[in-house]
Amino acid sequence: MTVSHHRLNLSAGIASVTVALVLVGAKFWAFGQTGSLAVAAALADSALDLMMSLGGLAAIAYAAKPADADHAFGHNAAEDLAALAQSLIIIASAGVIGGAAILRLVAGNSPMPAQESKGIAVMVVSILLTGALVWWQRRVARLTGNRVVAADSLHYVGDLVPNVGALLALVASARFGLGQVDSIVALGAAGMLIIGAVRIGRAAWHALMDRQADPSTLAGIERVVADFPGVLGYHDLKPRQSGSRLFVNLHIELDGTQTLDEAHSIGAALRRAILADYPQADVLIHKDPHGVTPHPNDPQKEDPS
């Protein structure tokens, strides 16, 4: 990673944290002024954004830090631990908001949000700030290829939905006196938060348990290896994700009569080809002579592809 790319990634991370912090403060004030559950749902979502943005900024900062003696594979698992904790917090927050919305709907006496104009102003500002942040994050992601920035951008695109929902709920209350819309929007936003939290938590759990990377990543690496010049076969392809880092272990089969220098050149070129498609990967390639019979005392069973 070049210094300029690292600075761009840091700028995107800092912008994300700054916007999230501003939105949390603004929505907290708006919730106090309006009492709107839809605004409360948007506030919970922004609080999640702040935690995720802080985690993303830490991940970007650590990306330039090499592995140390105690952590030979880096510190990427911290991202997954944080994501798992965040997902549990999101589910709890969404459950509280959704439960309050259901109680209001069942009771049939949803209180009307107060001072809707203040809440509307805050939500309009939130939508504009979020849109500007997404634009900058996508620009940085295109220039640097950083997956953390790209993922954070995708998350903020999803945040536009509860913000727009809260805005509609406040407008419906202010202009048409439809107090129930607030509870309905809050319930829908809570459902979206739970779905997103389960997805984030499941991905983090799989990463912590060293589950194989997703099928599209596996297929993409296989496409690079299968037709690579000099590679006569491959086996034991084991990609796994840890935080924003992809670890790839691979055995390739080469012509056993060639020199060590020639074999090394093929392996090094293949590694560069994989990194071209997956810049955040850590690639380890073992070289075997093509057609060699595994030793009967070798406890590791290899399944050639």
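Structure: see above.
Procedures and definitions
Residues numbered from 1 in each chain as written. Predicted model: local features only at pLDDT ≥ 70, side-chain atom pairs only at ≥ 80, totals over all residues. Heavy atoms only, no water. Helix = DSSP H or I, 4+ residues; strand = E, 2+ residues; numbered from the N terminus. Buried < 20%, exposed > 50% of the residue type's maximum accessible area, 1.4 Å probe, protein only. Contact = heavy atoms within 4.5 Å. Axes fitted to C-alpha atoms, helices over the stretch in contact; angles between N-to-C directions. Left-handed = near helix turned anticlockwise from the far one by under 90°. Nonpolar A, V, L, I, M, F, W, Y, C, P; charged D, E, K, R; others polar. Pairing = 2+ DSSP bridges.

Engineer: I'd like a description of the overall build of the protein chain, backed by residues and values.
Structural biologist: Helix and strand counts for the protein chain stand at eight helices and three strands. Along the protein chain, from the amino end to the carboxyl end, the secondary structure elements read α-α-α-α-α-α-α-β-β-α-β. A total of 305 residues make up the protein chain; the buried ones form 40% of that total. Considering only intrachain contacts with a sequence separation of at least 6, the fraction spanning at least 24 residues in the protein chain is 74%.

Engineer: How would you explain unusual backbone geometry if you had to name every residue and give the values?
Structural biologist: Despite not being glycine, Asp 236 shows a phi value in the positive range, around 50°. Here Asp 236 shows up in strand β1 (residues 233-242). In this structure Asp 236 comes out as buried when scored by relative accessible area, which is 13%.

Engineer: So, the packing of helix α7 (residues 215-226) against helix α8 (residues 260-277): which residues are in play, and what are the values?
Structural biologist: Where α7 meets α8, the axes come as close as 10 Å, and the angle between the chain directions of the two elements is 145°. Considering how the two elements wind past one another, α7 and α8 form a crossing that is right-handed. Taking contact as the criterion, the partners of Ile 221, Val 224 and Val 225 in α7 are, on α8, Leu 270, Ala 273, Ile 274 and Asp 277. Tallied by class, the residues present in the contact of α7 with α8 amount to six nonpolar, no polar and one charged.

Engineer: Lay out the sheet that holds β1 in plain terms, naming residues and giving numbers.
Structural biologist: Read across the open sheet, the three strands follow the order β1-β2-β3; overall the sheet is mixed. Lying at the two open borders of the sheet, with one neighbouring strand each, are β1 and β3 (281-289). Shown here is a sheet whose adjacent strand axes are inclined to one another by a mean of 10°, direction ignored. As judged from the nine bridges shared by strand β2 (residues 245-254) and β3, these two strands associate in the parallel manner. Across the sheet, Asn 249 pairs through a bridge with Leu 284, a residue of β3. Running over the sheet, α7 touches β1 and β2 and is turned about 145° from β1. Taken strand by strand, α8 contacts β2 and β3, and its axis lies near 150° from that of β3.

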